[in-house]
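Fold and geometry: a report
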Amino acid sequence: MTISHAPPDLATGLGKTPGPGGSRTSPDLEPIVPASVRRARLRSVPRWLRRTVGPLLLLALWQVFSATGVLHPDVLASPGTIARAGGDLIADGPLPAAMGVSLQRVAVGLVLGGVIGTALALVSGLSRLGEDLVDSTVQMLRTVPWVGLIPLFNIWLGIGEAPKVALIALGVAFHLYLNVYAGIRGVDAQLSEAGESLGLNRWGLVRHVVLPGALPGAMTGLRYSLATAWLALVFGESINADAGIGFLMNQAREFFRTDVIVVCLVVYAFLGLTADVIVRTLERLLLQWRPTFTGQ
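Residues numbered from 1 in each chain as written. Predicted model: local features only at pLDDT ≥ 70, side-chain atom pairs only at ≥ 80, totals over all residues. Heavy atoms only, no water.

1. Brief notes about the overall build of the chain
- Scanning the chain for helices and strands turns up 13 helices and 2 strands.
- The proportion of buried residues among the 296 residues of the chain is 30%.
- A separation of at least 24 residues holds for 67% of the contacts in the chain among residues at least 6 apart in sequence.
- Only carbon and sulfur atoms are counted for the fraction: they give 67% of the accessible area of the chain, which is about 19200 Å². (Helix = DSSP H or I, 4+ residues; strand = E, 2+ residues; numbered from the N terminus. Buried < 20%, exposed > 50% of the residue type's maximum accessible area, 1.4 Å probe, protein only. Contact = heavy atoms within 4.5 Å. Areas by Shrake-Rupley, 256 points an atom, 1.4 Å probe, with all protein chains shown as cover.)

Here it is in structure tokens:
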């Protein structure tokens with residue numbers, strides 16, 4: 001006996017399935033959402049909220065590990081304990097006083113190092129003779145680990161504020177010198193030629209062409225300098241300090257107070273982030289003429 005096979009139903013071949021009573025039903029189709037629409041939905045969420053997702057998730061995991069005993073209090077205190085310790089330090093007064101001392105050290109070192117680094121960069125960047133006299137010396141000194149100069153600074157300047165400020169100024173000067181010098185030498189030569197054709201003298205070229213063209217590099221150098229300033233402050237206040245955030249950390253280390261140590265680290269991070277936000281705001285104000293890519 002021969003069994004004949006009927007050709008497959010065209011509707012079934014197209015993906016329709018038999019329904020109750022033999023009727024055909026349409027398949028469930030999922031709408032395709034373009035990637036641009038999905039990105040638009042993500043952008044509708046406030047940016048500050050998106051930027052806080054990572055830190056909040058980290059804090060939640062930290063609290064869970066502390067509550068379950070994965071993180072022992074002697075190893076790392078819980079976020080709640082750290083928050084209480086920070087509140088006590090603020091209420092009793094040690095933390096605001098320490099922040100004032102540390103901010104003063106960073107401000108003085110930043111101004112001193114900024115003036116020195118920018119002046120050397122201008123001398124080296126605007127003149128070939130200045131480059132021959134300055135650049136090789138600065139490049140040689142830059143390769144020396146500036147943290148290793150702490151013992152010499154203590155011998156030369158004593159154990160007071162001077163070595164701490166000098167350490168900050170040294171780190172700031174190198175970063176600003178490199179970025180300002182690169183910014184000056186990175187100015188398009190055609191812009192200088194255009195300025196000369198318009199009748200600008202040397203000072204006019206420097207003021208209207210070279211310095212504005214070097215400003216993006218200078219702002220980048222300032223951001224790096226601020227990060228280096230806080231790093232130098234940590235090293236400086238960890239040695240022979242009788243005030244400041246580093247002094248609080250040293251005292252907490254003696255008594256195994258991990259909560260106080262983390263509070264001081266959070267303060268360092270907060271101050272550094274605040275300084276970076278200020279510089280970025282200043283950068284947006286001064287560099288409005290420069291079109292940049294802001295991401296998609």
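That was the structure; now back to the text.
2. Thoughts on a nonpolar patch on the surface
- Residues Leu57, Leu61, Val64, Phe65 and Val70 make up a contiguous nonpolar surface patch of about 460 Å² in total accessible area.
- With respect to the helices, strands and loops of the structure, Phe65 is situated in helix α4 (residues 53-67).
- For Phe65, a relative accessible area of 38% puts it in the partly exposed group. (Patch = residues over 30% accessible without salt bridge, like charges linked within 9 Å, V, L, I, M, F, W, Y side chains within 5 Å. Salt bridge = Lys/Arg side-chain N within 4 Å of Asp/Glu carboxyl O.)

3. What about a positive patch on the surface?
- On the surface, a cluster of positive charge is contributed by Arg47, Arg50, Arg51, Arg280 and Arg284.
- Of all the elements in the fold, those that place two or more residues in the positive patch are α3 (47-51) and α13 (258-286).
- In terms of residues, the positive patch owes the most to one element, α3, which gives 3 residues.
- By the element assignment, Arg50 lies in helix α3.
- The class of Arg50 is partly exposed, set by a relative accessible area of 39%. (Lys, Arg positive; Asp, Glu negative; His and termini not counted. Charge placed at Lys NZ, Arg CZ, Asp CG, Glu CD.)

4. Quick look at the nonpolar core
- One finds Ile168, Trp230, Ile245 and Val263 to be the most contacted residues of the largest nonpolar core, which totals 46 residues.
- Among the secondary structure elements, those contributing two or more residues to this core are α5 (79-92), α6 (94-126), α7 (128-142), α8 (150-157), α9 (161-185), α11 (202-237), α12 (245-254) and α13.
- Discounting chain neighbours no more than four positions away, the residues touching Val263 are Ile82, Ala85, Gly86, Leu89 and Leu95. (Core = buried A, V, L, I, M, F, W, Y, C linked by side-chain atoms within 4.5 Å.)

5. Notes on the pattern of salt bridges
- Scanning the entire structure with this criterion turns up 6 salt bridges.
- Where Asp259 meets Arg257, a salt bridge forms, and the shortest distance between an N and an O atom there is 3.0 Å.
- Accessibility expressed as a relative area gives 9% for Asp259, which makes it buried.

6. Considering the environment of Ala182
- Following the sequence through the fold, Ala182 ends up in helix α9.
- When the C-alpha positions of Ala182 and Gly125 are compared, they lie 7.9 Å apart, and in sequence the two are 57 residues distant.

7. Examining the packing of α6 against α13
- Where α6 meets α13, the axes come as close as 12 Å, and the angle between the chain directions of the two elements is 45°. In terms of orientation, α6 and α13 fall into the oblique class. In the packing of α6 onto α13, the handedness of the crossing is right-handed. On α13, the residues touching Leu95, Met99 and Leu103 of α6 are Val263, Val267 and Leu271.
- The residue makeup of the contact of α6 with α13, split by class, is 6 nonpolar, no polar and no charged. (Axes fitted to C-alpha atoms, helices over the stretch in contact; angles between N-to-C directions. Parallel < 35°, antiparallel > 145°, perpendicular 65-115°, else oblique. Left-handed = near helix turned anticlockwise from the far one by under 90°. Nonpolar A, V, L, I, M, F, W, Y, C, P; charged D, E, K, R; others polar.)

8. Concerning the packing of aromatic side chains
- For the coordinates displayed, the defined rule picks out 2 aromatic pairs.
- Centroid distance Tyr177 to Tyr181: 5.8 Å. Interplanar angle 10°. Geometry classified as stacked. Remark: Tyr181 and Tyr177 occur in helix α9; sequence separation between them is 4 residues, near one turn of the helix.
- For Tyr181, a relative accessible area of 15% translates into the label buried. (Phe/Tyr/Trp six-rings, centres within 6.5 Å; stacked < 30°, edge-to-face > 60°.)

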